[in-house]
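The residues making up each chain are set out below.
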Amino acid sequence: MVKKPSSLLSFRRLLRRSLSGRHYRRTASLTARTAAPAAPPHEKLQDRTVVVDVEGWLLRSSSPLSAFPYFMLVAVEAGSFLRGFLLLLLYPVLCLLARDLRLKAMVMVAFLGLKEKEVVRISKAVLPKFFLEETAMEGLQAAKKAGTVVAVTAAFPRVMVEGFLKEYLGVHAVVGREVAVVSGRYVGFLEEEEAAMERVGALVEEREEMKSKGDGAVGLVAAGSRVHHVLSRYCKETFVLSEAEKKAWQPLPMDKYPEPLVFHDGRLAFRPTFFAALAMYTYLPWGIFLAVFRSVAFGLLPYRVSVPLGAFTGMRSRMVAGPSPDATKKQSRQSAGGRLYVCNHRTLLDPITVAAGLNKPVTAVTYSVSPVSELIAPIRTARLTRDRDEDRRRMAALLARGDLVVCPEGTTCREPYLLRFSPLFAELTGEVTPVALETRVDMFYGTSTKPAAKWLDPFYFMMNSRPEYRVEFLEPVVTAPADGEVGGHGHSIQAANRVQRVLGEALGFELTELTRKHKYMMLAGNEGVVKGDAKK
């Protein structure tokens, strides 16, 4: 619970504002001049405290119900599809309510009963992707010039935007309304707006007192914004953005994100506006039927039958430069063992897709995959351990018996990035075949970091109306040491990096040094280990 400032402290702030002429200068600068510049010059913001209106300045959309998709994401991802459906049914009523009642109603439906930890996780793992897609490039560029940025939101509870603003936009402090929590769960009550706005003044005063040179705070706000009057009280200067100017602002391109969006979580692959969410719930029964039908087809029928059946239901598979049957037979005669296929990791269906492209059985090695996923897999799987020598022994034995598919990233990545490759595969054979995989979905993501839901990953991918897989078999890459080179662990690292570069160039993906541990610590707060016995 945040305490209200004492009367003595309030009097002190009022006296400081009066002595600095802040209140009167602010009024004169905006009421007397109607054509105030929207984007402040660089020198106006450098080394100063800037109070920015999140909805009016940083996000492009500011319609009355522009916050609805984000509450729908919280309802579905932190709650369930049933909770999201209840929020969808409430939409006509929301259109009739005043803005404050509308916000309280969405908070009540989306938050009631949810665990605080799960909502915080969703705000950091799911919402940033959608907020970044709505971020205004010009607004962010202006805010980045400041020495200290304080973000104020009136359309969202603080918990929904804090992770995005601090971790991706570099905001120093976030002020917004709080949702009541009892015993670690939200009870759905939103505090009054006045209590949150009062904290803006306290925070600005605190930031100004920390500086040796206090030039007064600068406000960045949109015309007609709900926080306009607050910034007028506490900021020495305020720059107002008109509706016409905001419409001309451009979305922030992905290559200009202050922090790259490598990882994100959640099932919904689209922005759930009212009409988009309505279409999803209308399609959902048919999607479940498609997922079951496609799963049964790929699990029971040969690839020459299941692949055309999948295409008939809307699945799109594109194979580029696949090996010919003659070349495969020739390679099998020349080598006593199988061939090692190294691919980037997009979904749990990667090895199955490679097997379908080869039109022959393969074995896939897995790490921390749900036992249910291993049980229903239509191909042979072998679980790896954390013991390097044991894993090397198992993989060598599997490769001696037939073709082997490995995903050395160790986890899936949805965005155009390649994670660091584990070098173990480079110690097994002198030549590997890289396989570049790319997927597209229109409604649901087929990956998740929640242990209890990982076994559903393939079903969610199959639930899409037109899921797509692109498979490209690349030229073999030599991993054995050249004449005069020293083998060992150092060489295997270099070989793994070389294979990573080949796949990155083929896909147009950016190479990273991130690992599975980085992903799960960021999205789930754990190392991503699913308990289960190794499959013999």
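The structure presented is a predicted model; accordingly, all values stated were derived computationally and were not measured.

Digging into the sheet that holds strand β1 (residues 49-53)
Step number 1: Strand order in the open sheet formed by 5 strands is β3-β2-β1-β6-β7, and the pairing between neighbours is parallel. Each edge of the open sheet is held by one strand with a lone partner, namely β3 (173-177) and β7 (237-241). Taking the axes of each pair of neighbouring strands and ignoring which way they run, one obtains an average angle of 20° across the sheet.
Step number 2: The strands touched by helix α11 (residues 158-168) are β2 (148-157) and β3; relative to β2, the strand with the most contacts, the crossing angle is about 145°.

Things to note about the packing of aromatic side chains
The description of an aromatic ring pair rests on the distance of the ring centres and on the angle between the ring planes.
Step number 1: Within this structure, the stated rule accounts for 20 aromatic pairs.
Step number 2: Between Trp455 and Phe459 the ring centres are 6.2 Å apart and the planes differ by 75°, which places this aromatic pair in the edge-to-face class.
Step number 3: Using a relative accessible area of 33% as the deciding quantity, one classes Trp455 as partly exposed.
Step number 4: Residue classification places Phe459 among the partly exposed positions, given a relative accessible area of 23%.
Step number 5: Feature note: the residues Tyr70, Phe71, Phe111, Phe131, Phe156, Phe164 and Tyr186 constitute an aromatic cluster, connected by ring pairs.
Step number 6: The side chain of Lys129 reaches across the aromatic face of Phe130, ending 4.5 Å from its centre.
Step number 7: The ring of Tyr445 has Arg414 sitting right over it, with the charged end atom 3.9 Å from the ring centre.

Some points on the pairing of strand β4 (residues 179-182)
Step number 1: Here 3 bridges tie β4 to strand β5 (residues 185-190), and the two strands are oriented antiparallel to one another. Residue pairing for β5: Val179 is matched across the bridge by Leu190.
Step number 2: The hairpin turn running from β4 into β5, its antiparallel successor, is 2 residues long, and Ser183 in that turn takes a positive phi close to 55°.

Looking at helix α18 (residues 350-358)
What sets the pattern is the α-helix's 3.6 residues per turn: residues three or four places apart point alike.
Step number 1: Of all the 9 residues making up α18, 7 are buried; the element is thus mostly covered by neighbouring parts of the structure.
Step number 2: Every buried residue of α18 is listed here: Asp350, Pro351, Ile352, Thr353, Val354, Ala355 and Leu358.
Step number 3: Residues of α18 that are buried make contact with α16 (303-312), β9 (340-343), β10 (363-366), β12 (404-406), β14 (431-440) and β15 (468-473).
Step number 4: Of the residues trailing α18, Asn359 is marked for its positive phi of about 60°.

Brief notes about unusual backbone geometry
Step number 1: Even without glycine at this site, Ser183 takes up a positive phi of about 55°.
Step number 2: If you trace the backbone, Ser183 turns up in the loop between β4 and β5.
Step number 3: Take Ser183: its relative accessible area is 79%, and that puts it in the exposed class.
Step number 4: Within the chain, Asn359 stands out as a residue other than glycine whose phi angle is a positive 60°.
Step number 5: Here Asn359 is to be found in the loop between α18 and β10.

A word on the nonpolar core
Step number 1: If you look at the biggest cluster of nonpolar residues, it comprises 110 residues, and the most contacted ones within it are Phe71, Phe111, Phe156, Met160 and Leu165.
Step number 2: Leu384, Met395, Leu399 and Leu503 belong to the second largest nonpolar core, which has 26 residues in total.

Looking at the confidence of the model for the chain
Step number 1: Of the residues in the chain, 86% have a pLDDT of 70 or more, and the chain-wide mean is 86.
Step number 2: Across residues 1-9, confidence stays below pLDDT 50; counting only partners more than four residues off in sequence or on other chains, it has 4 contacts.
Step number 3: Confidence drops under pLDDT 50 across residues 14-37; counting only partners more than four residues distant or on other chains, this segment forms 31 contacts.

Describing the pattern of salt bridges
Step number 1: Summed over the entire model, instances satisfying the criterion amount to 31 salt bridges.
Step number 2: Among the salt bridges present, the one from Arg121 reaches Glu118, with a minimum N-O distance of 3.2 Å. Of the two residues, Arg121 and Glu118 both sit in helix α8 (residues 116-125), 3 residues apart, roughly one turn of that helix.
Step number 3: With a relative accessible area of 18%, Glu118 lands in the buried category.
Step number 4: Arg392 is the salt-bridge partner of Glu427, the closest N and O atoms lying 3.3 Å from each other. One end of the pair, Glu427, is in the loop between β13 (417-418) and β14; the other, Arg392, is in helix α20 (residues 388-401), and 35 residues separate them in sequence.
Step number 5: According to the relative accessible area criterion, Glu427 is partly exposed, its value standing at 22%.

A word on α11
Step number 1: When we look at burial in α11, the residues that qualify are Val159, Met160, Val161, Gly163, Phe164, Leu165 and Tyr168.
Step number 2: Residue Gly170 follows α11 closely and has a positive phi angle near 75°.

Let's talk about the environment of Phe189
Step number 1: Here Phe189 is to be found in strand β5.
Step number 2: Taking the C-alpha atoms as reference points, Phe189 and Leu112, 77 residues apart in sequence, are found 8.3 Å from one another.

Cut-offs applied
- Residues numbered from 1 in each chain as written.
- Predicted model: local features only at pLDDT ≥ 70, side-chain atom pairs only at ≥ 80, totals over all residues.
- Heavy atoms only, no water.
- Pairing = 2+ DSSP bridges.
- Helix = DSSP H or I, 4+ residues; strand = E, 2+ residues; numbered from the N terminus.
- Axes fitted to C-alpha atoms, helices over the stretch in contact; angles between N-to-C directions.
- Contact = heavy atoms within 4.5 Å.
- Phe/Tyr/Trp six-rings, centres within 6.5 Å; stacked < 30°, edge-to-face > 60°.
- Buried < 20%, exposed > 50% of the residue type's maximum accessible area, 1.4 Å probe, protein only.
- Lys NZ or Arg CZ within 6 Å of the ring centre and 35° of its normal.
- Core = buried A, V, L, I, M, F, W, Y, C linked by side-chain atoms within 4.5 Å.
- pLDDT = per-residue confidence, 0-100.
- Salt bridge = Lys/Arg side-chain N within 4 Å of Asp/Glu carboxyl O.

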